[in-house]
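Residues per chain are reported as follows:
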There are 2 protein chains.
Amino acid sequence: MADTQVVIIGGGFGGLTVARALRHNQITVIDRANHHLFQPLLYQVATAALSPGDIAWPLRTVFRAQPNVHVMMDEVVAIDRTKRVVRLQQSPPILFDVLIVAPGSRHAYFGHEEWESCAPGIKTMTDAVRLREKMLMAFEEAERHRTTSGSSPHLTFVIVGGGPTGVELAGALAEIGRKAMGPDYPHLRTEDLSIILVEAGPRILPGFDSRLSAKAASALGHMGVTIKLNSPVTAVTPDGVQIGAEWIPSMHIVWAAGNRASPLLNTLSAPQDPAGRIRVQPDLTIPDDPWIFVIGDAAHCVGESGVPLPGVAPVAMQQGRYVAALINHHLQPPERSPFLYADRGMLATIGRARAVAQFGPIRASGFPAWILWCIIHIFFLIGFRNRVRVMSEWIWYYLTFKPGARVLY
Amino acid sequence: MADTQVVIIGGGFGGLTVARALRHNQITVIDRANHHLFQPLLYQVATAALSPGDIAWPLRTVFRAQPNVHVMMDEVVAIDRTKRVVRLQQSPPILFDVLIVAPGSRHAYFGHEEWESCAPGIKTMTDAVRLREKMLMAFEEAERHRTTSGSSPHLTFVIVGGGPTGVELAGALAEIGRKAMGPDYPHLRTEDLSIILVEAGPRILPGFDSRLSAKAASALGHMGVTIKLNSPVTAVTPDGVQIGAEWIPSMHIVWAAGNRASPLLNTLSAPQDPAGRIRVQPDLTIPDDPWIFVIGDAAHCVGESGVPLPGVAPVAMQQGRYVAALINHHLQPPERSPFLYADRGMLATIGRARAVAQFGPIRASGFPAWILWCIIHIFFLIGFRNRVRVMSEWIWYYLTFKPGARVLY
């Protein structure tokens, strides 16, 4: 088995978990970026609370102590099942015996891909850094406007999508805008800033218990976020969004609605769902190919309840451990028991000292849920250095309201 | 005096020192960037040892507790002495009663400004982040080359200029290249990386005692840096540099030679030296205008020894304190004693645990000089948070050889 070539596409939660659990194979990890990204905290980079280096870790450093892992920074353009190779943009094709496909996803614009340029999402570090730059420049612009003309500068942020990403981003923006930016922009008035969270369905955080949704909505309201429910977006332009008959003028629209799987999956010639995800077998393989696995949010994997598992880190990590076990024990299809997801619960933070949590029958909100959220996120960060840095940044911010990463360049 | 309008152009060491020392005036600080930059550590951002947020501090936060200071992020395009206004790129002109001109400098290309695109310098955060990206991508590229073709990828970095900036950058590159990158790029060989420090004069660190120059040269040599002395650059292209008859192929050329003052100074209609700096009066004003001051590396200010003072932070800060005292006491020209620079010494670091220091008759090198360098730089960083972060990054790096800021985005 030592000469089995394992190729892993993607250094996210799924790919990384597989690579770290395989000790006896030759492994190649291919990623477009040079780092593993702790995506759950990406919105904090976008809102200047954390620095990029705090929540990302170079893949080469992650695997420094694992000489069986070879890291390549490259983009996979196609998977050739017949020839058993992965085609790359900058390097020659790579042969594989076992392939793990974990390329992640981008946001879905539901057939309106042209909206992406006006309403970018935050999936990568580049996305987050760009949003941060736009946000900081918008505050500077608004302050300049107020100083020189005295008129209102229309600083309106619209966040489309009321899932955890949208809620966390809206809360962080409201907090940074009102609490942290206030003292730094003395001419800006509270009424100059509006943050609008737009959700197509009847409530925010639809995956959570409805009482927690209500608590989150009330907390956001207190923080000054306007929530628009039952409001599917019908048009997006650089100047605003259309919601049915209502037009919201805004130059700062962020997309946090829905996922679209990587287009790379189209080259796999395997059944896909409408979001582009591969409909995997119970052992996470594609039909008739027991050594090609698809994991993470690239996989349409049906859970016990009959609905597809959500595209979150715990799913990807459990799938990664499951796949690594199959490879380590070289289990053939008949010997494999199906992948089962153990749901450990859900958490979403709304702001400083405010969060909602749901673990089986247990519901929590407010400060206890927030402390839990902090602990869990610190725990899952890779590396001692990042844990210490993020924790100290949070404590610093909690005490001073001076977010740490507001340098424009 | 409370209604005297003081305008400060530039939030560097000079401008910041003036603004912090003036408590009774209305002050406007104008800077192109939104942050004060601790330039002496900029090469550590360029070599991925520190994050941008570690050595920069938003100007608005610096002045949060000083309500008499108004911060504007804008670019000054001209100074109109007759109308007593400063013209800005994005805002209406600003009237001043007292003006402090501290716009800093860019690198000098000695009449070959077209070299700048092939051999950029590091003066701003943008410069540093770009160099970091280029360096990290070059390592990735070289590793890919070695992996797929097995041939040498010519990873040659050329640093032009043997002053403190060039020496510190060469040392940091050698260290990151050999010690930190080595374990992360298993296919790269030691001989794939060359770092060449090019100096036109007969020795590096010409401002230092010649024994310290020799020690620095020997330390750099041990670290694998090739030093070329008496080597004025005669041509720069995207593929390399020409030094007399010798051609050095390199796609990574960094300029660290000489300064050229900000072109804004040309609008002041005051005598300038060949580098574009204003030849200031003994009280740092321009002729016939006792309330326009030029400080920092924009000023040609002759010291006690008859040579112009160097463009370093201590000079700018002492000038800032001097100017602030004149304004606070509203001293008219006849009552002013001339500015006198108190030279506290010079320091340059060569790498981890290696530095040279010179204080009056005292010379130090090696580990003691390096510890001194660390303490002084930590001490002068603004803000508790940045001091703690930089110190912990240095300790972390000293112990692990894993530089903290290698995330590409």
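Let me sum up the structure you'll find in this document. The numbers attached to residues start from 1 for each chain and follow its sequence in the written order. To label them, take the chains in the order written and letter them from A, then take the ligands in the order written and number them from 1. pLDDT decides what is reported in this predicted model: residues at 70 or higher carry local features, side-chain atom pairs at 80 or more are listed and counted, and totals for whole chains, interfaces and linings draw on all residues regardless. Note that water and hydrogens are dropped before the side-chain values are worked out from all heavy atoms of the structure.

1. Examining the overall build of chain A
Argument step 1. Helix numbers and strand numbers start at the N terminus; a helix is a DSSP run of H or I with at least 4 residues, a strand a run of E with at least 2. Scanning chain A from terminus to terminus reveals nine helices and 25 strands.
Argument step 2. In this description the radius of gyration comes from C-alpha coordinates, and the expected globular size is given by 2.2 Å times residues to the power 0.38. The C-alpha radius of gyration computed for chain A amounts to 22 Å, which stays within 12% of the reference 22 Å derived for 409 residues, consistent with globular compactness.
Argument step 3. Projected onto the principal axes, the alpha-carbon positions of chain A cover approximately 70 × 45 × 45 Å.
Argument step 4. A sequence separation of at least 24 residues applies to 64% of the contacts in chain A between residues at least 6 apart.
Argument step 5. His is not counted, nor are the chain ends, whereas Lys and Arg count as positive and Asp and Glu as negative. The atom standing in for a charge is NZ when the residue is Lys, CZ when it is Arg, CG when it is Asp and CD when it is Glu. Positive and negative side-chain charges of chain A, numbering 37 and 33 respectively, have mean locations separated by a distance of 5 Å. Residue contacts are counted whenever heavy atoms from the two residues lie within 4.5 Å of one another.

2. Describing the sheet that holds strand S20 (residues 285–286) of chain B
Residue and element names in this part refer to chain B.
Argument step 1. A pair of strands is labelled paired if DSSP reports no fewer than 2 bridges between them. Spatial ordering of the open sheet is given by S5-S2-S1-S9-S21-S20, a layout of six strands whose pairing is mixed. Edge strands, defined here as strands with exactly one partner in the open sheet, are strand S5 (69–73) and S20.
Argument step 2. The pairing of strand S1 (residues 5–9) with strand S9 (residues 98–101) spans four bridges and is parallel. By the bridge assignment, Val 7 is partnered in S9 with Leu 99.

3. Considering the relation of the copies chain A and chain B
Argument step 1. Superposing chain A onto chain B takes a rotation of 180° combined with a translation of 0.0 Å along the rotation axis, leaving an RMSD of 0.0 Å. What the rotation and shift describe, once combined, is the action of a two-fold rotation axis.
Argument step 2. Looking at chain A, 100% of its interface residues are interface residues in chain B too, so the copies touch through the same face. The copies were overlaid with a least-squares fit restricted to C-alpha atoms from residues scoring a pLDDT of at least 70 in each copy.

4. Describing the interface of chain A and chain B
When the parts come together, some accessible area is lost, and that loss is often what is quoted as the size of the interface.
Argument step 1. At the junction of the two partners, chain A supplies 46 residues and chain B supplies 47 residues.
Argument step 2. Together chain A and chain B conceal approximately 4200 Å² of surface at their shared face, both sides included; 56% is due to carbon and sulfur atoms.
Argument step 3. Take a side-chain nitrogen of Lys or Arg and a carboxyl oxygen of Asp or Glu: if they are within 4 Å of each other, that pair is a salt bridge. Our count for the contact surface shared by chain A and chain B stands at eight salt bridges.
Argument step 4. Between Asp 184 of chain A and Arg 64 of chain B there is a salt bridge, with the nearest N and O atoms lying 2.7 Å from each other.
Argument step 5. Under this definition, polar contacts are N or O atom pairs within 3.5 Å; protein pairs additionally need one hydrogen-donor-capable and one acceptor-capable atom, and for neighbouring residues in sequence, both atoms have to be side-chain atoms. On inspection of chain A and its partner chain B, the count reaches 16 residue pairs in polar contact (both at pLDDT 80 or more). Buried area is a sum: the accessible area each of two parts loses on coming together, probed at 1.4 Å, counted once for each and added.

5. A word on a nonpolar patch on the surface
Residues and elements named next belong to chain A.
Argument step 1. By definition, no residue in a patch forms a salt bridge, and every one has over 30% relative accessible area; like charges are joined within 9 Å, nonpolar side chains (Val, Leu, Ile, Met, Phe, Trp, Tyr) within 5 Å. For every accessible area listed, the method is Shrake-Rupley and the probe measures 1.4 Å; residues are considered covered only by the protein chains on display. A cluster of nonpolar side chains, Phe 367, Ile 371, Ile 375, Met 391, Ile 395, Tyr 398 and Leu 399, forms an exposed patch at the surface whose accessible area comes to about 660 Å².
Argument step 2. Broken down by element, the nonpolar patch gets its largest block of residues, four residues, from helix H9 (residues 384–400).
Argument step 3. Summarising the element assignment, Ile 371 is placed in helix H8 (residues 367–380).
Argument step 4. For the exposure calls, accessible area comes from a 1.4 Å probe over protein chains only, and a residue counts as buried if that area is under 20% of its type's maximum, exposed if over 50%, partly exposed in between. Judged by its relative accessible area of 33%, Ile 371 is partly exposed.

6. What about the sheet that holds strand S23 (residues 346–351) of chain B?
Strand pairing in a sheet is mediated by backbone hydrogen bonds. Such pairs are either parallel or antiparallel.
All names here are of chain B.
Argument step 1. An order of S23-S24-S25 is seen for the three strands of this open sheet, with the pairing classed as antiparallel. Edge positions in the sheet fall to S23 and strand S25 (362–365), since each of these pairs with one other strand and no more. Taking the axes of each pair of neighbouring strands and ignoring which way they run, one obtains an average angle of 5° across the sheet.
Argument step 2. As defined by bridge partners, strand S24 (residues 354–359) adjoins S25 across four bridges and the pair is classed as antiparallel. Looking at the pairing, Val 356 lines up with Ser 365 of S25.
Argument step 3. Along the sheet, helix H8 (residues 366–380) makes contact with S23, S24 and S25, crossing S24 at roughly 80°. Helix axes use the C-alpha atoms of the stretch in contact, all axes being lines fitted to C-alpha atoms, and the angles between their N-to-C directions lie in the range 0 to 180 degrees.

7. Some words on the pattern of salt bridges
Argument step 1. Tallying each qualifying case throughout the model produces 40 salt bridges over all chains.
Argument step 2. Ionic pairing is found between Arg 106 of chain A and Glu 116 of chain A, a salt bridge with its closest N-O pair at 3.3 Å. With Arg 106 of chain A in strand S10 (residues 105–107) and Glu 116 of chain A in the loop between S10 and helix H4 (125–149), this residue pair connects regions lying ten residues apart in the sequence.
Argument step 3. Residue Glu 116 of chain A is classed as partly exposed on the basis of its relative accessible area, which comes to 23%.
Argument step 4. It is possible to trace a salt-bridge network through shared partners that takes in Asp 54, Arg 389 and Glu 393 of chain A together with Asp 54, Arg 389 and Glu 393 of chain B.

8. A word on unusual backbone geometry
All names here are of chain A.
Argument step 1. In this model, Ala 48 sits at a positive phi of 70°, which is unusual for a non-glycine residue.
Argument step 2. By the element assignment, Ala 48 lies in the loop between helix H2 (42–46) and strand S4 (56–58).
Argument step 3. Classification of Ala 48 by relative accessible area gives buried; the value is 0%.
Argument step 4. Look at His 330: it is not a glycine, yet its phi comes out positive at around 45°.
Argument step 5. Mapped onto the elements of the fold, His 330 is located in the loop between helix H7 (313–328) and strand S23 (346–351).
Argument step 6. Taking relative accessible area as the criterion, His 330 reaches 34% and is therefore assigned partly exposed.

9. Examining the packing of H9 of chain A against helix H9 (residues 384–400) of chain B
Argument step 1. Put simply, H9 of chain A and H9 of chain B touch, their axes get as near as 12 Å, and they point 175° apart. On the basis of their axis angle, the class for H9 of chain A and H9 of chain B is roughly antiparallel. Here H9 of chain A contributes Phe 384, Arg 385, Arg 389, Glu 393 and Trp 396 of chain A to the contact with H9 of chain B, which in turn contributes Phe 384, Arg 385, Arg 389, Glu 393 and Trp 396 of chain B.
Argument step 2. Among the residues forming the contact of H9 of chain A with H9 of chain B, the class breakdown is four nonpolar, no polar and six charged. Each angle is binned into one of four classes, with values under 35 degrees roughly parallel, values over 145 roughly antiparallel, values of 65 to 115 roughly perpendicular, and all other values oblique. Amino acids outside the nonpolar list (Ala, Val, Leu, Ile, Met, Phe, Trp, Tyr, Cys, Pro) and the charged list (Asp, Glu, Lys, Arg) are all regarded as polar, and Gly is one of them.

10. Quick word on the pairing of strand S13 (residues 225–228) of chain A
Residue and element names in this part refer to chain A.
Argument step 1. Alignment of strand S12 (residues 193–198) against S13, held across four bridges, turns out to be parallel. Across the sheet, residue Ile 196 finds its bridge partner in S13, namely Thr 226.
Argument step 2. For the handedness criterion, the strands are oriented away from the viewer, and a crossover whose path from the first strand over the helix to the second runs clockwise is classed as right-handed. With helix H6 (residues 210–222) bridging S12 and its parallel neighbour S13, the resulting β-α-β unit is right-handed.

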